[in-house]
Amino acid sequence: PSYMWQSLIMFIKQILLLHRFLKLSPQYNFDSSYDIIANICNFSETNVARIGQVAQSSTYGNAKPENAIDGNRASNYNQGSCAHTNNNLNPWWRLDLLKTYKINTVTITNRQDCCPERINGAEIRIGNSLNDNGNANPRCAVISSIAAGASQTFACNGMEGRYINIVIPGRTEYLTLCEVEVDGTQVDSYNESECGWV
Ligand SMILES: [Ca+2]
C-alpha cells in the first residue's frame, strides 16, 4: 500500500538529512552509502560512477575494473582498490551509466606507489557510441599528468553520454585507475521530487 512506501521514503529522507549533517564532520565518512541512496533519489551532489557497470581492455592480476568505482581512493596498488590493465596498445577502461547523463566533472585518482607517468596522455571520452569500444566518443579532456596518488578533476561542461571511457591512445601501456568519480545528472530523469513527495 502506498502509505508503506511513503513511510519508507520518509525514513530514507531522514537518513539523508542525517548524512548531510554528518558529512560536515570530517571524522565521519558516509559518502559511499550516501551516494547510493542519493543516486536513487537523483540528487545532484553525487558520484554517479558508483551505479555504473565497468569494463576494461584486459585485467592485470586481480585488478578488476570495478576497483575504480568502489568508492575508495586508496592509491597504493597493494591495497586492492585500483583497476589495472595489462600492457596493451591503446588500453582502455569504460564506465556504462546505463542511461544518458550530462557530465559535469570526472575525477581521477592516480596510482601512488609506482609509475604515475603511465597516465600521461590518457583521454576522457564521453558519448553514447560503442564504436571502438566507446573510445571514439567526443573527448572531454587529455590528461597531461597527475601526481602520484593525487586526484584530479576534469570539467566536461555538461557533455552528454551513457559511456565514459578513459583510454591511452597511440602507445602500448598499462592503464591504472585507483578511482574514477563522476559528477553528473541523468538526462530526462525524474526531478528531485522523486524522493521528496512526502
Ligand atoms: Ca578504488
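Residues numbered from 1 in each chain as written. Predicted model: local features only at pLDDT ≥ 70, side-chain atom pairs only at ≥ 80, totals over all residues.

1. Topic: the overall build of the protein chain
At step 1: On a plain count of helices and strands, the protein chain comes out with two helices and ten strands.
At step 2: Starting at the N terminus and ending at the C terminus, the protein chain contains elements arranged as α-α-β-β-β-β-β-β-β-β-β-β.
At step 3: Here the protein chain holds 198 residues, and 33% of them are scored as buried.
At step 4: Restricting the contact set of the protein chain to residue pairs at least 6 apart, pairs at least 24 apart contribute 74%. (Helix = DSSP H or I, 4+ residues; strand = E, 2+ residues; numbered from the N terminus. Buried ≥ 20, exposed ≤ 12 C-beta atoms within 10 Å, placed from the backbone. Contact = placed C-beta atoms within 7 Å.)

2. Structural notes on the UniProt feature "signal peptide" (unreviewed entry) in the protein chain
At step 1: Mapped onto the present numbering, the UniProt feature "signal peptide" (unreviewed entry) falls on residues 1–20.
At step 2: The straight-line gap between the two end C-alpha atoms of residues 1–20 is 29 Å; of that span, 95% is helix and 0% is strand. (UniProt positions renumbered as here; feature names shortened; annotations may be inferred.)

3. What to know about the environment of Gln-56
At step 1: For Gln-56, the position within the fold is in strand E1 (residues 53–56).
At step 2: Look at Gln-56 and you get buried, because 26 C-beta atoms sit within 10 Å.
At step 3: Leave out the neighbours within four places in its chain, and Gln-56 touches Pro-65, Ala-83, Thr-85, Trp-92, Trp-93 and Arg-94.

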